[in-house]
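# Architecture and fold: a report
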Amino acid sequence: MPETLELLTSYRAFEGWQKQYRHSSKSLHCPMTFSVYLPPQTNVGEKVPVVYWLSGLTCTDENFSTKAGAQRIAAKLGLALVIPDTSPRGEGVPDAEDQAYDLGLGAGFYINATQAPWNRHYTMYDYITKELPVLIEQTFPVTEQRAISGHSMGGHGALTIALKNPGRYASATAFSPIVNPTQCPWGEKAFSHYLGDDRENWKSWDTTELITSRANPLPVLIDQGSDDSFIDQQLLTENLISACKTKQYPADIRYQQGYDHSYYFIASFIEEHLEFHHRYFNQ
């Protein structure tokens, strides 16, 4: 195991192991924490595929690992779960001046910032797509097969990352994703700071724009709660549905009646999402 990878916690779970690590990130120029679940199949040396989970605004790597109940299903299916933090952190990493929850720490948006002072540290896209997978595949008993999933801001990250890297992810799923950030307050605030004022530069980080312009098909499953208070102003689910219909993009976008934006929603359907990824790993 690399000397730079520090084990923080380790718990037995469903005959596998839930672990948390810290390492020094070269792409983010700061220490980063991530969690990983290794299913019981790895105890006997078997290599397993990886599902990357990207969390939402204000979250860390611990929200999903403690609230979603995903370990039981991952153990049954033989899937590793890798859960990074949502942004760079630490001394010298810039934050919003008013410590707003939707900009700066906890709000990396999984893009590569181009504007100072954000561009030195806020390169979460490179971290998720390049640095972290190399570290995971060199350190743990996993294959090079990857899928990606996420919630809210992390749903935005999962979908855009999969669409921008055709062939690299077997499948992508999301819960309550921000699907059109160039047109919603959360996205406009973050992108104007991270990417500058030219809105054309924002489009390559927007799921709806990627579907509209050039996206190659891959298996996509999206669940959206009908009682989610953020649908109309921030998530803009109907914009993506319209784009998929226009471009005949085969995404399965489902409204789940009565569910909101919480981890109760995620816990209710995470088994279906992991089974979805498992299905495409085996094709």
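Here's what I pulled together on the structure shown here. Because the structure is a prediction, the values reported are computed rather than measured. (Residues numbered from 1 in each chain as written. Predicted model: local features only at pLDDT ≥ 70, side-chain atom pairs only at ≥ 80, totals over all residues. Heavy atoms only, no water.)

## Some remarks on the overall build of the protein
The condition is simple: Secondary structure elements are taken from DSSP: a helix is a run of H or I of four residues or more, a strand is a run of E of two residues or more, and numbering for both begins at the N terminus. Just to be clear, the radius of gyration here is over C-alpha atoms, and the globule rule we use is 2.2 Å times residues to the power 0.38. Relative accessibility decides the category of a residue: with a 1.4 Å probe and only protein chains considered, values under 20% of the type maximum give buried, values over 50% give exposed, and everything between is partly exposed. Charged-residue counts in this description rest on Lys and Arg as positive and Asp and Glu as negative, His and the chain ends being excluded. Think of each charge as sitting on NZ of Lys, CZ of Arg, CG of Asp or CD of Glu.
Counting secondary structure elements, the protein contains nine helices and nine strands. Over its C-alpha atoms the protein spans a radius of gyration of 18 Å, differing by no more than 12% from the 19 Å that the globule rule assigns to 283 residues. Here the C-alpha coordinates of the protein stretch approximately 50 × 40 × 35 Å along the principal axes. Here the protein holds 283 residues, and the buried ones make up 59% of them. Across the protein, the 22 positively charged side chains and the 32 negatively charged ones have centroids separated by 6 Å.

## A few points about the pattern of salt bridges
Side-chain pairs of opposite charge can arise where the charged atoms are in close proximity. Under the convention used in this document: Think of a salt bridge as a Lys or Arg side-chain nitrogen and an Asp or Glu carboxyl oxygen that are within 4 Å of each other.
In the structure shown here, the tally under the stated rule is 14 salt bridges. Across the salt bridge formed by Glu-275 and Lys-76, the nearest N and O atoms sit 3.7 Å from each other. Of this pair, Glu-275 sits in helix H9 (residues 263-281) while Lys-76 sits in helix H2 (residues 70-77); the two residues are 199 residues apart in sequence, bridging distant segments of the chain. The partly exposed category is assigned to Glu-275, whose relative accessible area is 31%. A salt bridge links Arg-146 to Glu-137; its shortest N-O distance comes to 3.0 Å. A relative accessible area of 8% means that Arg-146 is categorised as buried. The network of salt bridges with shared partners includes Arg-72, Lys-76, Glu-271 and Glu-275.

## So, the environment of Ser-25
As a reminder of what qualifies: Throughout, a residue-residue contact means that at least one pair of heavy atoms, one from each residue, lies within 4.5 Å. Distance and chemistry together define a polar contact, namely a pair of N or O atoms within 3.5 Å, with one atom able to donate a hydrogen and the other to accept it when in protein, and with adjacent residues in sequence counting only for side-chain atoms on both sides.
Its location among the elements puts Ser-25 in strand E2 (residues 16-25). Take Ser-25: its relative accessible area is 2%, and that puts it in the buried class. As a C-alpha pair, Ser-25 and Thr-4 span 21 residues in sequence and 9.5 Å in three-dimensional space. Look past the residues within four positions of Ser-25 in its chain and what remains in contact with it is Cys-30, Met-32, Tyr-127 and Glu-131. In terms of polar contacts, Ser-25 uses its side chain to reach the side chain of Ser-27, at 3.4 Å.

## Focus: the side chain of His-273
Relative to the assigned elements, His-273 resides in helix H9. Overall, the relative accessible area of 1% leaves His-273 in the buried class. One polar contact links His-273 to Thr-173, side chain to side chain, over a distance of 3.0 Å. Residues contacting His-273, with those up to four places away along its chain left out, are Ser-149, Thr-173, Ala-174, Phe-175, Leu-221 and Asp-223.

## Side note on the sheet that holds strand E1 (residues 6-13)
The cut-off we apply is this: Any two strands between which DSSP finds at least two bridges are classified as paired. Axis lines are fitted to C-alpha atoms, over the contacting stretch for helices. Their N-to-C directions set the angle, which ranges from 0 to 180 degrees.
Reading across from one edge, E1-E2-E3-E5-E4-E6-E7-E8-E9 is the order of the nine strands in this open sheet, with mixed pairing throughout. Lying at the two open borders of the sheet, with one neighbouring strand each, are E1 and strand E9 (251-256). Averaged over all pairs of adjacent strands, the angle between strand axes in this sheet comes to 20 degrees, irrespective of strand direction. Bridge analysis of strand E4 (residues 48-54) against strand E6 (residues 142-151) gives six bridges, and the strand direction is parallel. The residue of E6 that forms the bridge with Trp-53 is Ser-149.

## Things to note about the environment of Leu-135
With respect to the element layout, Leu-135 can be found in helix H3 (residues 124-139). Given a relative accessible area of 13%, Leu-135 falls into the buried group. Along the primary structure Leu-135 and Gln-20 are separated by 115 residues, whereas in three dimensions their C-alpha atoms are 14 Å apart.

## Regarding the nonpolar core
Nonpolar side chains in soluble globular proteins generally cluster together in the buried interior. Note the following rule: By convention a nonpolar core is built from buried Ala, Val, Leu, Ile, Met, Phe, Trp, Tyr and Cys residues, the set being connected through side-chain atoms within 4.5 Å.
In terms of nonpolar packing, the biggest core is built from 69 residues, with Phe-34, Phe-109, Ile-136, Phe-140, Ile-148 and Tyr-194 touching the most fellow members. A total of seven residues in this core trace back to one element, the largest contributor, which is H3. Not counting the four nearest positions on each side in its chain, Tyr-194 is found in contact with Leu-103, Gly-104, Ala-107, Gly-108, Phe-109, Ile-111, Ala-113, Thr-114, Gln-115, Trp-118 and Tyr-122. By size, the runner-up hydrophobic cluster in this structure holds 23 residues, among which are Val-51, Ile-73, Ala-74 and Phe-281.

## Points about the pairing of strand E7 (residues 172-175)
Neither face of E7 is exposed, since Ala-172 and Ala-174 on one face and Thr-173 and Phe-175 on the opposite face are all buried. Examined bridge by bridge, E7 and strand E8 (residues 220-225) share four bridges and lie parallel to one another. If you follow Thr-173 over to E8, its bridge partner there is Leu-221.

The analysis is restricted to geometry; functional conclusions fall outside its scope.
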